[in-house]
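Overview (structure and organization)
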Amino acid sequence: MDKKVLAVLDQLTLEQKAALVSGKNMWFTAAVDAANISAIMMTDGPAGLRKQIPKEGETLSVNASVKAISYPSAALVASTFDRSLARDLGQHLGEEAQAENISLLLGPGVNIKRSPLGGRNFEYYSEDPLVAGEIGTAYINGLHDKGIGATVKHFAANNRENHRFTNSSDMDERTLREIYLAPFERIIKQAHPEAVMASYNKINGVLNVQNERLLTDILRQEWGFTGVVMSDWMAVADHVASLQAGLDLEMPGKGDASTSEIVDAVKAGTITDEQLDLSAGRVLAMVVSLLDKKSAQVPYDRGEHHEFARKLADGGIVLLQNKDHVLPLKSGKSVAFIGAMAEQPRYQGSGSSHVTPDHVVSALEAAKQADLDVQFASGYELSKTAIDEEREKQAIELAQHADQVVVFVGYRDDDESEGFDKTNLSLPENQTHLIQSLAQHVAHVSVVLANGSVVEMPWRDQVDAIVETYLAGEAVGEATIDILTGHVNPSGKLAETFPVKLADTPSYGTFDQSNEHEHYHEGIFVGYRYYDLHHQAVAFPFGFGLSYTTFEFSDLVIGDWQEDNLQVTATVKNTGSVDGSTVPQLYISNLVSPVEKPVRELRQFDKVAVAAGKSKMVTFTLHARDFSWFDADNMTWQADNGLYEIAVGSSSRDLPLTKQLTIKHFASQPLVVNMDTYLNVLLANETTKSVLMQMFGEQLAQFTNQDDASAADQQMLFNTPLRALVAGGFPVAAVQAFIDQSNAALKK
Ligand code: BGC
């Protein structure tokens, strides 16, 4: 621990230390007046500041916060696949935090989207740990650029909302490590966030806020985290047990009650002085370091921040379908905007990430600003789900007289939020009906979707274009118009699979079935890892997104290992007539390890801008970990020598470049022969094969040369361990001698 912090701790009384391990109130740490250390303020959150300033004794509603910029929510940020935009977001939030006197942000949220029904999916990045970990890292780097602290949340396996305070996420160790802990591990090691927020749920029966293995053994001892572990709000059930397990800061804190329970526990010896010093010291160290980084409260440039919100949304919006190139909209032709959401956009999610913006721009407004010849009909009422025949009729009439038709639909605020999960993936009935009626009456319909998470699209073959805007923040309208008109060439890619229907999803039938236990039966097969394994048709695959130009991939070159680095290069050519950006993705297939494996896994990605007609080379650096799986028997990451396939392309299902390579670079596990070793293992190893031939070559030949010994018989023989030979009458002494000689030869 830092000497300065130790010196302060030394001066503090037991009560003062105990006060530090709970929040002073909803948003502040406790001040240490004795040492002249003030409190710091923390606030949500991932998509904009939710700074609440309640008066003494007052509790504000979730939505009562100071005016701030509403940025695209995490689902759209991830669709940019753009580390530099994510870092820029962190910097913008950092500037706002400085201006608002906030030291620590409660974000990013990096949980895996396990089921598309998850209520907070809009607040999370991806179904893939690499994307979540990389975008989360970039966001935190941006906050750090501005001297603001980050709290990575919700640690861990917090993938559903129903009964979130008590539900247990039950899974095997390999699934936990490879899928659910992986984004956190990457972020802890790469971005060094100040804090980790322990989530409400349990893992395998133990509350996360009391889980010593999670909070201390894995997070601190294995990954080297030195910051503060705080609880999610009101997650603490037993403050003393939490502190013992490694939780440093109870939030929001229960006032004097929190302090006295810790004081009593220390006096009773349930918590040692050292334990309290450790946690109080960590909180103090974080506070002191963030106070040091505080800069003057300079107001931020709202206009520039709004423009950035637009740029970020521009980079994330995904063009899912574009038959006959109906988009971009042709200039000089009339356009009908249909759907209440064109006028009343849905641009953010509900719950603790809710922001109070003062300047939301709808698509209709933005179209007028862009001088488009636009007519509008609502088609449905946002507050209702029943089909409104009159509104539909008006909408169809308007559409029939327009050259181009765009319909705006999406989930409503009440359809998805923090605090509960969805039960279906359908748009409200009136919206679905409107799309289908329009498609029947007019030739070319484009659909603009606003939603926090996956939507079923039973109408997708009836419409020409589909534009996924997710929850795009306060500049939603401008960004949508940028994409619709081609002012910006779309470059967003899906960071989650869009299945054809809910029943196709990996956790279907198990998700949210029990209040107490969520069984992760699908294991490591989440998202595309599942759909690819089952060769399942999907509506839109992971990594997919169209552009107004086309790209060609070529020249896949795999280099040689340089220490722990393996470089792979490929060339991307923009073969169309407009400039554009795309996301080259590199997947690895493990063809060697004798364990369950996904067909392929994303191991690198990049976002590259390529001018029309030009080419760019992309370079990916891979490490041993990218070839590894988590061996739960030995509690270690295992990379096996042998055959792999590397594939590069523009989505998980469009991988034009593939190459196989045999890796011999990893330290291989030494073979140790015993009675359980199989003959085929012995024959596959040059050393043991030679000993085997020397000692038992004759007997083997006798068997394999028998006239009626078929290839199948041989295979059956070789799929036998040594002890079965003994059981079959082979002299045990001879087999033991073989084992001893083999092991001696292997050691040489
Ligand atoms: C949420 C956190 C949030 C906290 C403070 C909790 O309900 O789960 O994500 O940071 O509230 O608003």
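Residues numbered from 1 in each chain as written. Predicted model: local features only at pLDDT ≥ 70, side-chain atom pairs only at ≥ 80, totals over all residues. Heavy atoms only, no water.

1. Regarding the side chain of Ser242
- Mapping Ser242 onto the fold places it in helix α9 (residues 239–245).
- Overall, the relative accessible area of 0% leaves Ser242 in the buried class.
- One polar contact links the side chain of Ser242 to the main-chain carbonyl oxygen of Val209, over a distance of 2.8 Å.
- If near-sequence neighbours (up to four positions away) are discounted, Ser242 is found in contact with Val209, Gln210, Val236 and Leu247. (Helix = DSSP H or I, 4+ residues; strand = E, 2+ residues; numbered from the N terminus. Buried < 20%, exposed > 50% of the residue type's maximum accessible area, 1.4 Å probe, protein only. Polar contact = N/O pair within 3.5 Å; in protein donor to acceptor, adjacent residues only side chain to side chain. Contact = heavy atoms within 4.5 Å.)

2. Section: unusual backbone geometry
- Here the residue pair Lys153 and His154 is connected by a cis peptide bond, since its omega of 0 degrees sits within 30 degrees of zero.
- One can find His154 in strand β3 (residues 149–155).
- Of the consecutive residues Leu327 and Pro328, the connecting peptide bond is found in the cis state with omega at 0 degrees.
- Tracing the backbone through its elements, the reader meets Pro328 in the loop between β9 (318–322) and β10 (335–338).
- In the Ramachandran plot, Asn36 falls in the positive-phi region, its phi being about 60 degrees despite a non-glycine side chain.
- A positive phi is found at His325, a non-glycine position, where the angle reads about 50 degrees.
- In this fold, His325 is placed in the loop between β9 and β10.

3. Some thoughts on the UniProt feature "domain: Fibronectin type III-like" (unreviewed entry) in the chain
- Mapped onto this numbering, the UniProt entry annotates "domain: Fibronectin type III-like" (unreviewed entry) at residues 582–652.
- The straight-line gap between the two end C-alpha atoms of residues 582–652 is 14 Å; of that span, 0% is helix and 55% is strand. (UniProt positions renumbered as here; feature names shortened; annotations may be inferred.)

4. Describing the packing of helix α4 (residues 83–99) against helix α12 (residues 302–316)
- Following both chains from N to C, one finds α4 and α12 inclined at 155 degrees, their axes separated by 11 Å at the closest point. Taken together, the axes of α4 and α12 are roughly antiparallel relative to one another. For the pair α4 and α12, the crossing hand works out as left-handed. In contact with Leu85, Asp88, Leu89, His92, Glu95 and Glu96 of α4, α12 contributes Glu304, His305, Phe308, Lys311, Leu312 and Gly315.
- The residue makeup of the contact of α4 with α12, split by class, is four nonpolar, three polar and five charged. (Axes fitted to C-alpha atoms, helices over the stretch in contact; angles between N-to-C directions. Parallel < 35°, antiparallel > 145°, perpendicular 65-115°, else oblique. Left-handed = near helix turned anticlockwise from the far one by under 90°. Nonpolar A, V, L, I, M, F, W, Y, C, P; charged D, E, K, R; others polar.)

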